[in-house]
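Residues per chain, in single letters:
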Amino acid sequence: MERKFTPLSMKPSPSRRDTEKDALEFEFLEGCKKSGVLDIDGLKQAVDPNEIHIIGLLGSGSCGVVESAMVKSKLMAVKTMYKNDNKENLKRILRDVRIMSLCNSPFIVTSYGYFMFDSSVKICMQIMSACCEKLLRRIYHSKLEFFPEYVAGHIVYSAISALDYLKERHSIIHRDIKPSNILFDDSGNIKLCDFGISGFMTNSMAHSKSEGCPPYMAPERLTIETNSKYDVRSDVWSLGITIYQLVTGIYPFPLNDMEFTTLTIIANLNLPSPSLKGETTRSFSPLFIEFLDFCLRKDVRERPEYKQLMKHDFFLDYDPSRGDFYKLKTINGNPSHVAEWFNSVIARSRCEDELKPIPNTPCVN
Ligand SMILES: Nc1ncnc2c1ncn2[C@@H]1O[C@H](COP(=O)(O)OP(=O)(O)OP(=O)(O)O)[C@@H](O)[C@H]1O
């Protein structure tokens, strides 16, 4: 008896292929074509991996380690991420590489290029001096005063400028704003890093529910149904929580062993938002208090987008094109230059202190 012909597409496949994983593997192979070509100070050059001379550890995260290194006589930060069989791991690595390569903003860490190997990827980037998380720990353990308002103002200006750039130029939402992803350099520049869980938006909306650091996630991201959408205002909330923590030294929600309880308190719209209004230990300007209250509106429909925040007088006060506030203004007779503040904290606090945790603060790395 003749066997019935089955077209190829109808034949059962020996093992069902994961098309998304195939696409990621393809993207990885495509990315390999530009592996090892670094753009250092405007000069594109092929670099051998043996020319990466590691100096020391700068930090580590869930995805890998960041080390200082000398490459072709240039000091840089090299982030090594290890590849495994997990699809989410590969997605995260490729997103970080792709977004860092796309970005060109003074408020985002510059990428010089990357290396792709079978089991790891290295991103070479501009080296910064410390992240806000490390500064917080040093300040706490050395009993110094927490971030002054004018430093917070400069962070707000830099972070919102970076986030607005990502949205307007590339339709990207960061999704992981927290103290460890905001970096300082010795000159007082403040830049965002870590795009591993950033997302490309469709019609200014993002989907994926599971990604991000829960203690900094906006209420709408903690409550959404599978497949429902959110927008950049969720990053406005995360920035608000970060700034609150930097200036008070305290994460604003009770943290206990049960993360679930903390997240329920954040997500409950009937419970009040954190506010600097009730802060008794330090005084803040009414403009700053109002700005932070806007960022921390629990109901996303009442929370402003970047363009609205960029019109607020607190934001405008830190716009260098409108008078270079942070360089010129003095507070109590002292120049409020961010670099001076940053360098004085580093000089007055101990490096080992940045390794010790702070009580009641989310441990995010
Ligand atoms: N360009 C840089 N210069 C100096 N230090 C850096 C740089 N990039 C990252 N770091 C340090 O390394 C730490 C970890 O980096 P990063 O957040 O990119 O890693 P990750 O594995 O993606 O982390 P996470 O688990 O927070 O998502 C940062 O918090 C910071 O302290």
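What you see is a predicted model; the values in this text were computed from it and never measured.

**Details of the overall build of the protein chain**
Item 1. The secondary structure content of the protein chain amounts to 12 helices and 14 strands.
Item 2. Carbon and sulfur atoms make up 52% of the accessible area of the protein chain, which amounts to about 18500 Å² in all.

**A closer look at the nonpolar core**
Item 1. In this structure, F147, I155, F184, I243 and W341 are the most contacted members of the largest nonpolar core, which totals 90 residues.
Item 2. Split by domain, this core shows at least three residues from each of two domains, domain 1 (41-126) and domain 2 (130-348).
Item 3. In this structure, I243 is in contact with A152, I155, V156, F288 and L292, ignoring residues within four places of it in sequence.

**Considering empty space enclosed by the protein**
Item 1. All told, the structure shown has one cavity of 30 Å³ or more when counted by the stated rule.
Item 2. Lining the largest cavity are R175, D176, I177, C213, Y216, M217, A218, R221, S234, D235 and S238.
Item 3. For the lining of the largest cavity, the element with the most residues is helix α6 (residues 233-248), which contributes three residues.
Item 4. Its residues assigned to classes, the lining of the largest cavity shows five nonpolar, two polar and four charged.

**Quick look at unusual backbone geometry**
Item 1. Not every positive phi belongs to a glycine, and K72 is a case in point at roughly 50°.
Item 2. With respect to the helices and strands, the residue K72 is situated in the loop between β4 (64-71) and β5 (74-82).
Item 3. In this structure, R175 takes a positive phi of about 70° despite not being glycine.
Item 4. When you line up the elements, R175 lands in the loop between β9 (172-173) and β10 (182-184).
Item 5. Under the relative-accessibility criterion, R175 is labelled buried at 6%.

**Some remarks on the layout of surface pockets**
Item 1. Computed from the structure, the second largest pocket encloses a volume of approximately 650 Å³.
Item 2. In this structure, the second largest pocket is lined by 27 residues; those nearest its centre are K34, S101, L102, G113 and Y114.
Item 3. Of all the secondary structure elements, the ones that give two or more residues to the lining of the second largest pocket are α1 (19-32), β1 (37-40), α2 (87-102) and β6 (111-116).
Item 4. Looking at side-chain class alone, the lining of the second largest pocket contains 12 nonpolar, eight polar and seven charged residues.

**Some points on the packing of α1 against α2**
Item 1. Two elements in contact, α1 and α2, have axes separated by 10 Å at closest approach and are oriented at 40°. In terms of their interaxial angle, α1 and α2 are classed as oblique. Of the two possible hands of crossing, α1 and α2 adopt the one that is left-handed. Contacts from E20, K21, L24, E25, E27 and F28 in α1 reach K87, L90, K91, L94 and R98 in α2.
Item 2. Broken down by class, the residue content of the contact of α1 with α2 amounts to four nonpolar, no polar and seven charged.

Scoring rules and cut-offs
- Residues numbered from 1 in each chain as written.
- Predicted model: local features only at pLDDT ≥ 70, side-chain atom pairs only at ≥ 80, totals over all residues.
- Heavy atoms only, no water.
- Helix = DSSP H or I, 4+ residues; strand = E, 2+ residues; numbered from the N terminus.
- Areas by Shrake-Rupley, 256 points an atom, 1.4 Å probe, with all protein chains shown as cover.
- Core = buried A, V, L, I, M, F, W, Y, C linked by side-chain atoms within 4.5 Å.
- Buried < 20%, exposed > 50% of the residue type's maximum accessible area, 1.4 Å probe, protein only.
- Domains from an automatic or database assignment.
- Contact = heavy atoms within 4.5 Å.
- 1 Å grid on protein atoms, 1.4 Å probe; cavity = no way out; pocket = protein on both sides within 12 Å on 5 of 7 lines; lining within 4 Å.
- Points joined across faces, edges and corners; volume = space filled by probe spheres on them.
- Nonpolar A, V, L, I, M, F, W, Y, C, P; charged D, E, K, R; others polar.
- Axes fitted to C-alpha atoms, helices over the stretch in contact; angles between N-to-C directions.
- Parallel < 35°, antiparallel > 145°, perpendicular 65-115°, else oblique.
- Left-handed = near helix turned anticlockwise from the far one by under 90°.

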